[in-house]
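Inside the fold
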Amino acid sequence: MAGATTSQASLLLAKQLRDLMKNPVDGFSAGLVDDSNVFEWQVTIIGPPDTLYDGGYFNAIMTFPANYPNSPPTVRFTSEMWHPNVYPDGRVCISILHPPGEDPNGYELASERWTPVHTVESIVVSIISMLSSPNDESPANIDAAKEWRERRDDFKKKVRRLVRRSQEML
């Protein structure tokens, strides 16, 4: 049965990739890291306008499980990122990437967590939204959250440096 699940997942991912190629979405681009593996995507997110990340180019790897869309992918920035909802190792922490069902910590509603209706597009749009409005109530990067709350000017300087660096990498 696992093989059937994997082939369903790969068919769905191939379709989502084709759809994105035919109808690109503003704010990001996506493609496969390696053409032989539909379960690992390279995503470039363009910093949303009118945010601290405006004009930046941030690369991430999206890794899908064999049972996608029943379980969420993981998303990890490979570009340097300073944000309360991004772990120091680059992993993105937003509700829709958390496994479906009740939150064992009681922080999130089940309706805020992963559901199989999410697509690559809805995931990246959620990440873009996260860049626009950090959630410092439940941070993945405690130092970034603390700086966001207590020393906003330092936070802004650090992010501006990251944006400049990302532009120089092009």
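Criteria and thresholds
- Each chain has its residues counted from 1, following the order in which its sequence is written.
- Local features in this predicted model are restricted to residues whose pLDDT is 70 or higher, and side-chain atom pairs enter the listing and the counts only when it is 80 or higher, whereas totals over whole chains, interfaces and linings include all residues.
- Remark: hydrogens and water are excluded; side-chain values derive from all non-hydrogen atoms of the structure.
- Strands are labelled as partners when DSSP assigns at least two bridges between them.
- A helix here means a DSSP run of H or I that spans at least four residues, while a strand means a run of E at least two residues long, and both kinds are numbered starting from the N terminus.
- Angles shown run from 0 to 180 degrees and are taken between the N-to-C directions of axes, each axis being a line fitted to C-alpha atoms and, for helices, limited to the stretch in contact.
- UniProt positions are given in the numbering used here, feature names are shortened, and annotations may be inferred rather than shown by experiment.
- Working definition: with a 1.4 Å probe on protein chains only, accessible area under 20% of the residue-type maximum means buried, over 50% means exposed, and in between means partly exposed.
- Should any heavy atoms of two residues lie within 4.5 Å, those residues are counted as being in contact.
- Joining through side-chain atoms within 4.5 Å is the link that ties buried Ala, Val, Leu, Ile, Met, Phe, Trp, Tyr and Cys residues into a set, and such a set is a nonpolar core.
- In this scheme, patches are assembled from residues that exceed 30% relative accessible area and form no salt bridge. Like charges are connected within 9 Å, while nonpolar side chains (Val, Leu, Ile, Met, Phe, Trp, Tyr) are connected within 5 Å.
- The method behind every accessible area is Shrake-Rupley, applied with a 1.4 Å probe, and residues are considered shielded solely by the protein chains displayed.
- Here, a salt bridge means any side-chain nitrogen of Lys or Arg that lies within 4 Å of a carboxyl oxygen of Asp or Glu.

Some words on the sheet that holds strand β4 (residues 74–77)
Pairing within the open sheet is antiparallel, and its four strands lie in the order β1-β2-β3-β4. Of all strands in the sheet, those bounded by a partner on one side alone are β1 (28–34) and β4. Strand after strand, the sheet turns through a mean of 30° between neighbouring axes, direction not considered. Pairing of strand β3 (residues 57–63) with β4 involves four bridges; the strand directions are antiparallel.

Quick look at the UniProt feature "active site" (unreviewed entry) in the chain
If you check UniProt for "active site" (unreviewed entry), the listed places come out as C93 in our numbering. The topology assignment puts C93 in the loop between β4 and α2 (120–132). What makes C93 buried here is its relative accessible area of 14%. If we ignore the near neighbours within four places in the chain, the residues touching C93 are N85, Y87, H98 and A140.

Remarks on the UniProt feature "domain: UBC core" (unreviewed entry) in the chain
UniProt records the feature "domain: UBC core" (unreviewed entry) for residues 8–168 in the present numbering. A distance of 40 Å separates the end C-alpha atoms of residues 8–168, which is 34% helix and 17% strand.

Things to note about the nonpolar core
Grouped together as the largest cluster of nonpolar side chains are 41 residues, with contacts concentrated most on F28, W41, I45, M62, F77 and I127. Elements that contribute at least two residues to this core include exactly α1 (2–22), β1, β2 (37–46), β3, β4, α2, α3 (142–150) and α4 (152–168). In contact with F28, not counting residues within four places along its chain, are L20, V43, T44, I45, I46, E121, V124 and I128.

Description of a nonpolar patch on the surface
On the surface, I46, Y57 and L170 cluster together to form a nonpolar patch covering roughly 290 Å² of accessible area. Assignment of secondary structure puts I46 in strand β2. The exposure class of I46 is partly exposed, given its relative accessible area of 34%.

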